[in-house]
Amino acid sequence: MKVLAAMSGGVDSAVAAARAVEAGHEVVGVHLALSRMPGTLRTGSRGCCTIEDSMDAQRAASVLGIPYYVWDFSERFKEEVVDEFIAEYEAGRTPNPCMRCNERIKFAALLEKALALGFDAVCTGHYATLQTDEAGNLELHRSNALAKDQSYVLGVLTEEQLKHSMFPLGASASKDLIRAEAEARGLSVANKPDSYDICFIPEGDTQDWIADKLGNQTGQIVDRAGNVLGSHEGSHGFTVGQRKGLSIGRPAADGRPRYVLEIRPKTNTVVVGPQAALAISEMAGTRYTWCGQAPKNTDGWAEILVQVRAHGDAIPAEFVIRDGEMVIRVKEPLLGVAPGQTAVLYLGTRVLGQTTIDRTVSAVPVETEFTVSA
Amino acid sequence: MPTYLDHAATTPIRPEVLRVYTEALKAVGNPSAVHRFGQDVRNQLEEARESLAKSVGANRSEIIFTSGGTESDNLAIKGLFWQRRQENGERAVIITSATEHHGVLDPIYWLEDHQGAEVALVPVDQRGVFDLDWLETFLKQESNRVALISLMWVNNETGVIADIPRITALAAEFGIPVHSDAVAAFGHVPIDFASSGLAAMSISAHKIGGPVGSGALVVGRSIKLTSLVHGGGQERGMRSGTMDAAGAAAFAVAADEAISELQAESERIENLSRRLIAGVGEIAPDALFSRADAPGLAATAHFTFPGCSADSMIFLLDAAGVSVSAGSACTAGVNRPSHVLLAMGRTEAEATGALRVTLGYTSTEADVDAFLSALPSVYAAAKKAGLPSK
């Protein structure tokens, strides 16, 4: 096969490309330039937008003996990932830009371009496994290296995208083994630190960066009964589940800390309450997709596992498609779910599909909150 | 064997140059040393200087050896600016154009940011031709505030040739020194420094079959400029540091060969170029030849392909064994829309589809054929892949 290896300059994508070469594919390495100003978004050894990273990718490609190019996706990246990230914050949601990048850039813009230029597949260093069921349908499964499993961020891929994807690291047992393999292959990125930050936010401080983009505007902090407890400098500076930085003078009646429960961008209001009120029983979204074959019947509640963040656990739940919306009910109340996040559905280790969460239903009714705290 | 059609980026070292260069590298002796070893190497350096001076039509003392085009540009621009400003504090304006090479633009913008320079840009038309009527008007009004003019002889991306005689004639009326980045011109168009009217001119060896790392700034004898590099006072005190006699010797041989075959080569390249441009027109009727009907270097064929991305075309051509470029390369290897094309009024989308095919002394009909036979499928696939933006 003709394989385009997306090379970030990190150890995972370098080893993935190496394995694709070893498997006998005709491999070309491509680094995605995602920043408008390649020289100014230097984040040291991390992130995926720096000149150093592009040089690291180039060195890896040269060690593998494959051609290497840098392709400019900065405009698409800005429109589809950065601008949307800001818009989501502005709308009071908590977006996952890496997921958007997979959905719109790596497995859309890049994949489409690769197919048009004669490639059969795009290969990345994600930890996830592609399998085929008895009928020959492609399925995405968790990686064998469960600690590094990245199937969550690939939950947005559709059947068509899976057909042209290649994840050579999926069957690996651990990241340590990948590093050892990189070392053995003579790849200088073997000991490069992992990246955790959002690549386009230089200092890793999302709140400051967002405040810088959206400006400050004083608004109210209220409880769920509508009592004004304090003020803030802009609702976009908060995320659901946040505890620090609320600067409410008056303590809660029960003396317990308060958490951000909800953000209402239209009125620039931040709603706070006890941690228990963060628990949700239901989440739903209209922007859902199926990862591979869609389930035969989605009209009745079906048992699944749901995962709401990249490094979270999958917990028992049930889902249904109702009025064009994927509704997910968790068996036990779940903390820390905010609109904008992605809920990925699993059947065992298989990724079934996903939705961006538009709304949640609290597990704790308002009255209960005040009865409890009274 | 892959086809190399990126001669404007760098061209193969000439066999005779390689022979002279490697031979010269064997000699020991600092050209500034007093003893026989030093004298031998010094002789080699001065012979090279004399030979190169002959090739550019200059006096031997006017050749200041440097590491290449970018250093020469920096020395000329900063050196002239500081010198002229020191003589008269009013002279803060540097006249240039937005289509210059970064080797010229960046030192000028650095002077603007850090040294109080004011930049005046000569407008260019859609073909990249300087508006010299504008220059004339500007000089009539502002000449006493102008430190220098820097305008390139041949544009490295589009190949458009500037009217240097008219520029220097205008500047002479007001006594303003003119520098020209002639890196893309030297060895490709007839150049006679003495009659050009230029105060300073940048040239580079590796664009004409010499080694990378060897260049020169030709500086008129009466011209003073402030040095950037202070030290032992070599090269008229303008460029301190032990001189590279081997590099100079190699440069001189390359220049001599390029100049002696210039006439015959021009005709040969002209024929190849005509076939190449006509071929592109047949394969991609919507492709635009960037400099249109403006006078230009036959060796440089620059196009924009609507709806195509240079990323795609360069990759596909490279895979098909034909290596071309999009213009100047940037640090991270990313093809950004060219500032030259944007200055010529192209949109970012139009500039994204830029392709520069450049011929050189080793180019053959077979090279042009290889390019033209690869182009139809490359063009179709690149069109299908579309632009990076939506």
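In this convention, every chain numbers its residues from 1, walking through the sequence in written order. The order in which chains are written sets their letters, starting at A; the order in which ligands are written sets their numbers, starting at 1. This being a predicted model, a pLDDT of at least 70 is required before a residue's local features are given, and a value of 80 or more before pairs of side-chain atoms are given or counted; all residues contribute to the totals for chains, interfaces and linings.

Q: I keep staring at the overall build of chain B and nothing clicks. Help me out?
A: Counting its regular elements, chain B contains 13 helices and 12 strands. Here chain B has a C-alpha radius of gyration of 21 Å; the compact-globule value for 390 residues is 21 Å, and the two agree. Oriented by its inertia axes, the alpha-carbon framework of chain B measures out at about 65 × 55 × 35 Å. The burial label depends on the number of other C-beta atoms within 10 Å of a residue's C-beta. Counts of 20 or more mean buried, 12 or fewer mean exposed, and intermediate counts mean partly exposed, with C-beta atoms placed from the backbone. In chain B, which comprises 390 residues, the share counted as buried stands at 53%. Going along the chain from the N terminus, every DSSP run of H or I of four or more residues is numbered as a helix, and every run of E of two or more is numbered as a strand. Both definitions apply: the radius of gyration is a C-alpha atom measure, and the globule rule equals 2.2 Å times residues to the power 0.38.

Q: Help me out: how do you make sense of the nonpolar core in this one?
A: One finds A:Ala5, A:Ala17, B:Val218 and B:Ala249 to be the most contacted residues of the largest nonpolar core, which totals 222 residues. Among the elements that make up this core, the one with the highest residue count is helix α8 (residues 245–260) of chain B (12 residues). Every residue in contact with B:Val218, bar those within four places of it in the chain, is listed here: B:Val56, B:Ala58, B:Glu62, B:Ile63, B:Phe193, B:Ala200, B:Met201 and B:Ile203. To define a nonpolar core, we join buried Ala, Val, Leu, Ile, Met, Phe, Trp, Tyr and Cys residues through C-beta atoms within 7 Å and take the resulting set. Working definition of a contact: two residues with C-beta atoms, positioned from the backbone, lying within 7 Å.

Q: I'm lost on the confidence of the model for chain A in this one. Help?
A: A low pLDDT means the predicted coordinates there should not be read in detail. Residue and element names in this part refer to chain A. In predicted models, pLDDT denotes the confidence assigned by the predictor to each residue on a 0 to 100 scale. Per-chain confidence: chain A averages 87 in pLDDT, with 93% of residues scoring 70 or above. No element of chain A has a lower mean pLDDT than helix α8 (residues 366–373), which averages 51, and none a higher one than strand β1 (residues 2–6), which averages 98. Across residues 38–49, confidence stays below pLDDT 50; counting only partners more than four residues off in sequence or on other chains, it has 35 contacts.

Q: Quick question: what am I supposed to make of the domain arrangement of chain A here?
A: Domain boundaries in chain A define domain 1 (2–191), domain 2 (216–275) and domain 3 (279–366). Boundary definitions for the domains trace back to an automatic or database domain assignment. Distance from the C-alpha centre of domain 2 of chain A to the C-alpha centre of domain 3 of chain A: 26 Å.

Q: Would you mind going over the environment of A:Gly219 with me for this structure?
A: Residue and element names in this part refer to chain A. On the secondary structure map, glycine 219 appears in strand β8 (residues 219–223). Looking at glycine 219, the number of C-beta atoms within 10 Å reads 21, which means it is buried. If sequence neighbours within four positions are ignored, glycine 219 has contacts with Ser231, His232, Gly234, Ser235, Asn268, Thr269 and Val270.

Q: Explanation requested: helix α4 (residues 102–115) of chain B in the structure shown.
A: Along an α-helix, a turn takes 3.6 residues, which lines up residues three or four apart on a common side. Residues and elements named next belong to chain B. Over its 14 residues, α4 runs 18 Å from end to end, which matches the ideal 20 Å to within 8%, given 1.5 Å per residue. Within the span of α4, buried status applies to Gly103, Val104, Leu105, Pro107, Ile108 and Leu111. On its buried face, α4 sits against α3 (69–87), β3 (93–96), β4 (118–121), β5 (146–150) and β6 (178–181). Downstream of α4 by a residue or two, glycine 116 has a phi angle that is positive, lying close to 75 degrees. In this scheme, a helix's expected span is set at 1.5 Å multiplied by one less than its residue total.

Q: Is there a simple way to think about the pairing of strand β17 (residues 342–347) of chain A in this case?
A: Looking along a regular strand, one sees the side chains alternate between the two faces of the sheet. All names here are of chain A. Of all 6 residues that make up β17, 5 are buried, and the element is covered over most of its length. Judged from the 3 bridges that link them, strand β14 (residues 302–307) and β17 form a sheet pairing that is antiparallel. Within β17, the residue paired with valine 306 across the bridge is leucine 345. When DSSP locates at least two bridges between a pair of strands, those strands are taken to pair. Pairing of β17 with strand β18 (residues 350–356) involves 6 bridges; the strand directions are antiparallel. When the bridges of β18 are listed, valine 344 appears paired with glutamine 354. Taking the residues that link successive antiparallel strands as the turn, the β17-β18 hairpin has 2 residues, and the phi of glycine 348 there is positive, at about 65 degrees.

Q: What is the right way to look at the sheet that holds strand β7 (residues 165–166) of chain A in this model?
A: Across a sheet, strands are paired by hydrogen bonds formed along the backbone, either parallel or antiparallel in direction. Residues and elements named next belong to chain A. The parallel open sheet is built from 5 strands, whose spatial order is β3-β2-β1-β4-β7. Two strands bound the open sheet, and with one partner strand each, they are β3 (68–72) and β7. In the sheet, β1 pairs with strand β2 (residues 26–33) via 5 bridges, with the strands oriented parallel. Within β2, the residue paired with valine 3 across the bridge is valine 27. Strand contacts of helix α2 (residues 51–64): β2 and β3, with the helix running at about 150 degrees to β3, the strand carrying the most contacts. Helix axes are fitted to C-alpha atoms over the stretch in contact, other axes to C-alpha atoms as well, and angles between N-to-C directions run from 0 to 180 degrees.

Q: For this particular structure, what's the right way to read the sheet that holds strand β12 (residues 354–358) of chain B?
A: Residues and elements named next belong to chain B. Pairing is antiparallel across the open sheet formed by 3 strands, whose spatial order is β9-β10-β12. Edge positions in the open sheet fall to β9 (288–289) and β12, since each of these has one partner strand only. Bridging between strand β10 (residues 300–304) and β12 involves 5 bridges; their strand directions are antiparallel. Looking at β12, one finds that threonine 300 is bridged to threonine 358. Sitting on the sheet, helix α9 (residues 262–283) is in contact with β9, β10 and β12, with an inclination near 10 degrees to β10.

Q: Hey, could you run me through the environment of B:Glu16 in this one?
A: All names here are of chain B. Inspection of the secondary structure assignment puts glutamate 16 in helix α1 (residues 15–25). For the pair glutamate 16 and glycine 210, spaced 194 residues apart in sequence, the C-alpha separation works out to 9.7 Å. Non-local contacts of glutamate 16, meaning those with residues more than four positions away in its chain, are made with Val253 and Glu257.

Q: Please clarify how the domain arrangement of chain B should be interpreted in this entry.
A: Accessible area lost upon the coming together of the parts serves often as the stated size of an interface. Residue and element names in this part refer to chain B. With domains assigned, chain B is organised as domain 1 (3–11 + 262–385) and domain 2 (15–260). Between domain 1 and domain 2, the contact holds 24 residues from the first and 28 residues from the second. Listing elements by their share of the side of domain 1 that touches domain 2, those giving two or more residues are β10 and α11 (339–343). With 3 residues, the top contributor of residues to the side of domain 1 that touches domain 2 is α11. Residues are grouped as follows: Ala, Val, Leu, Ile, Met, Phe, Trp, Tyr, Cys and Pro are nonpolar; Asp, Glu, Lys and Arg are charged; every other residue, Gly included, is polar. Along the lines of polarity and charge, the residues of the side of domain 1 that touches domain 2 split into 11 nonpolar, 11 polar and 2 charged.

Q: Honestly, the packing of helix α3 (residues 74–90) of chain A against helix α4 (residues 97–116) of chain A in this entry has me stumped. Any pointers?
A: Between two packed helices, what matters for the description is the angle formed by their axes and the separation of those axes. Residue and element names in this part refer to chain A. Where α3 contacts α4, the axes come no closer than 9 Å and their chain directions differ by 160 degrees. As far as their axial angle goes, α4 and α3 are roughly antiparallel. For the crossing formed where α3 meets α4, the hand is right-handed. For the pair α3 and α4, contact is made by Arg76, Phe77, Glu80, Val81, Glu84 and Phe85 and by Pro97, Arg100, Cys101, Arg104, Ile105 and Ala109, respectively. Residues belonging to the contact of α3 with α4 are distributed by class as follows: 7 nonpolar, no polar and 5 charged. Geometric relationships in this document are graded by angle, where less than 35 degrees denotes roughly parallel, more than 145 denotes roughly antiparallel, 65 to 115 denotes roughly perpendicular, and other angles denote oblique. Should the near helix be turned anticlockwise from the far one by less than a right angle, the crossing is termed left-handed; should it be turned clockwise, right-handed.

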